[in-house]
Amino acid sequence: MSVPDAFDTLKTMRVHGAGRIARFAAQALRDYAKSVSAQSTKEYWDLVQAAGERIRSARPTAVSLPNAVNFVLYGGRTAFESGSPIEDIRQATVDSANEFMLQSLAAVKIIGEIGAKRVKNGDTIITHCNSEAAISIMKTAHDLGRGIKVICDETRPRFQGHKTAATLASYGIDTTLIIDSACRLFMDKADKVIVGCDAISANGALVNKIGTSAVAVLAHEARVNFMVAAETYKIDFKTLTGELIDIEERDSTEIASKEWMAQNPNVKFHNPAFDVTPPEFVDFYVTEKGLIPPGGILSMMKELYRYSEGAMSIGKAFFYQ
Ligand code: RUB
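Residues numbered from 1 in each chain as written. Predicted model: local features only at pLDDT ≥ 70, side-chain atom pairs only at ≥ 80, totals over all residues. Heavy atoms only, no water.

A.B. asks: How do you make sense of the packing of helix α2 (residues 18-35) against helix α4 (residues 64-81) when you look at a structure like this?
C.D. replies: Between two packed helices, what matters for the description is the angle formed by their axes and the separation of those axes. Where α2 contacts α4, the two axes come as close as 8 Å, and the packing angle between them is 30 degrees. With respect to α4, the element α2 is oriented roughly parallel. Helix-helix and strand crossings are classified by hand; for α2 and α4 the assignment is right-handed. Of α4, the residues touching α2 (which contributes Ala18, Gly19, Ile21, Ala22, Ala25, Ala26 and Leu29) are Ser64, Leu65, Ala68, Val69, Val72 and Leu73. Broken down by class, the residue content of the contact of α2 with α4 amounts to 11 nonpolar, 2 polar and no charged. (Axes fitted to C-alpha atoms, helices over the stretch in contact; angles between N-to-C directions. Helix = DSSP H or I, 4+ residues; strand = E, 2+ residues; numbered from the N terminus. Parallel < 35°, antiparallel > 145°, perpendicular 65-115°, else oblique. Left-handed = near helix turned anticlockwise from the far one by under 90°. Contact = heavy atoms within 4.5 Å. Nonpolar A, V, L, I, M, F, W, Y, C, P; charged D, E, K, R; others polar.)

A.B. asks: Looking at this structure, how should I read unusual backbone geometry?
C.D. replies: Going from Arg156 to Pro157, the amide bond is cis rather than trans, its omega being 0 degrees. Secondary-structure assignment places Pro157 in the loop between β2 (149-153) and α7 (160-170). Of note in this structure, Met13 is not a glycine but carries a positive phi near 65 degrees. The residue Met13 is located in the loop between α1 (3-11) and α2 in this model. The class for Met13 is buried, based on a relative accessible area of 7%. Phi is positive for Phe159, which is not a glycine, with a value near 60 degrees. Examined against the element boundaries, Phe159 turns out to sit in the loop between β2 and α7. (Buried < 20%, exposed > 50% of the residue type's maximum accessible area, 1.4 Å probe, protein only.)

A.B. asks: Just checking my understanding: could you explain the packing of aromatic side chains for this structure?
C.D. replies: In this description, an aromatic ring pair is defined by two values, namely the gap between the centres and the angle between the planes. The tally for this structure, following the rule as stated, stands at 4 aromatic pairs. Relative to Phe80, the ring of Trp45 has its centre 6.0 Å away and its plane inclined at 25 degrees; by these criteria the two rings are stacked. A residue pair is termed long-range when its members are at least 10 positions apart, and Trp45 in helix α3 (residues 41-56) and Phe80 in helix α4 qualify at 35 residues. Pairing Trp260 with Phe269 gives two aromatic rings, centres 6.3 Å apart and planes at 75 degrees, and the pair type is edge-to-face. Overall, Trp260 belongs to the partly exposed group, its relative accessible area being 38%. (Phe/Tyr/Trp six-rings, centres within 6.5 Å; stacked < 30°, edge-to-face > 60°.)

A.B. asks: Looking at this structure, I do not really get the site of the ligand. What am I missing?
C.D. replies: Neighbouring the ligand are 19 residues; His16, Gly19, Ser131, Asp198 and Lys209 lie closest to it. One nitrogen or oxygen atom from the side chain of His16 is found 2.7 Å from an oxygen atom belonging to the ligand. One nitrogen or oxygen atom from the side chain of Lys234 is found 2.9 Å from an oxygen atom belonging to the ligand. About the coverage of the ligand: the protein hides 100% of its 460 Å² of free accessible area. Broken down by secondary-structure element, the contributors of at least two residues to the shell around the ligand are α2, α6 (132-143) and β6 (206-209). Considering each element in turn, the shell around the ligand owes the most residues, 3 residues, to α2. For the shell around the ligand, the class distribution of residues is 6 nonpolar, 7 polar and 6 charged. (Near = heavy atom within 4 Å. Polar contact = N/O pair within 3.5 Å; in protein donor to acceptor, adjacent residues only side chain to side chain. Areas by Shrake-Rupley, 256 points an atom, 1.4 Å probe, with all protein chains shown as cover.)

A.B. asks: Just to check I follow, could you spell out the pattern of salt bridges for this structure?
C.D. replies: Any two side chains of opposite charge can pair, so long as their charged atoms come close to each other. Tallying each qualifying case throughout the model produces 16 salt bridges. The salt bridge partner of Glu87 is Arg90, with a shortest N-O separation of 2.9 Å. Of the two residues, Glu87 and Arg90 both sit in helix α5 (residues 86-116), 3 residues apart, roughly one turn of that helix. The class of Glu87 is partly exposed, set by a relative accessible area of 48%. (Salt bridge = Lys/Arg side-chain N within 4 Å of Asp/Glu carboxyl O.)

A.B. asks: When you look at the environment of Ser136 in this model, what are you seeing that I'm missing?
C.D. replies: Examined against the element boundaries, Ser136 turns out to sit in helix α6. When its relative accessible area of 11% is taken as the criterion, Ser136 is described as buried. For the pair Ser136 and Leu168, spaced 32 residues apart in the sequence, the C-alpha separation amounts to 9.9 Å. The contacts of Ser136, once residues within four sequence positions are left out, are Val108, Lys109 and Gly112. Separated by 2.7 Å, the side chain of Ser136 and the backbone oxygen of Val108 make a polar contact. At a separation of 3.5 Å, a polar atom in the side chain of Ser136 contacts the main-chain amide nitrogen of Gly112.

Next comes the structure, spelled out in structure tokens:
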């Protein structure tokens, strides 16, 4: 797949969900790095970096995308800066992409195992949007015989909740699909909320699909545990220096048809794809490195930077930019 095709696939959400986006980006950049030819190492590296920039710009909010791209480029740059020949830079880039993809998949599995320990027999769980990390927890709990029930928000405007409901039901989990605005009614019946994550800021705030913060407020009101399944590469290091996470604004045709718009020319539209849940509404993050309360994110950032050898060294990757 060409770099413009990869960009388009991400932009139009044919691949969506932060983890899948990250692995798709790593794979697309790997394939480009594998095949592109150049006359000099500088030309080669400029081309690979430009491809990374392009892929990185497809979706602004999920920090897994720049972190994945930076991770892949980090491997190549180390070889480039040490004066290695093109073939070695190519191999280093391919190796770091493969490492990222493997570690990302492993993280989803570990999150499932760690998170399932927090799920009790007979729990009713509410979930929002479509998160493979959150699904991993629910599937693992189900496989352990916990007899869970899951209520899925439909997640307007793109209805990713339908996908979650179909997946959970296919595993044999007792699954119910509700409209987003029915969530408060069902919160009384819930024991916990489990959602995924697009980004975590240094203060422990969660960025996830639009509507997540409303679910968190409802959980808080009803004293229902709110847990977030998140690989550590969803931590946004830029927030350490005060940068705010960009919230993607999507096309208004996701919420009204062109025909309706033409009939109502004075109506304005606003279609943010994500929202921010303040740390006080998050009980804990389930990461592949264990459970972390929102107040522990800063220490995790330090750990990721300090112990940045080998796998998942997003600390190093961040400073690569
Ligand atoms: C998907 C979404 C998911 C997170 C986490 O949004 O908000 O909850 O990306 O998913 P979109 P995962 O459909 O707009 O990409 O756990 O799979 O990384």
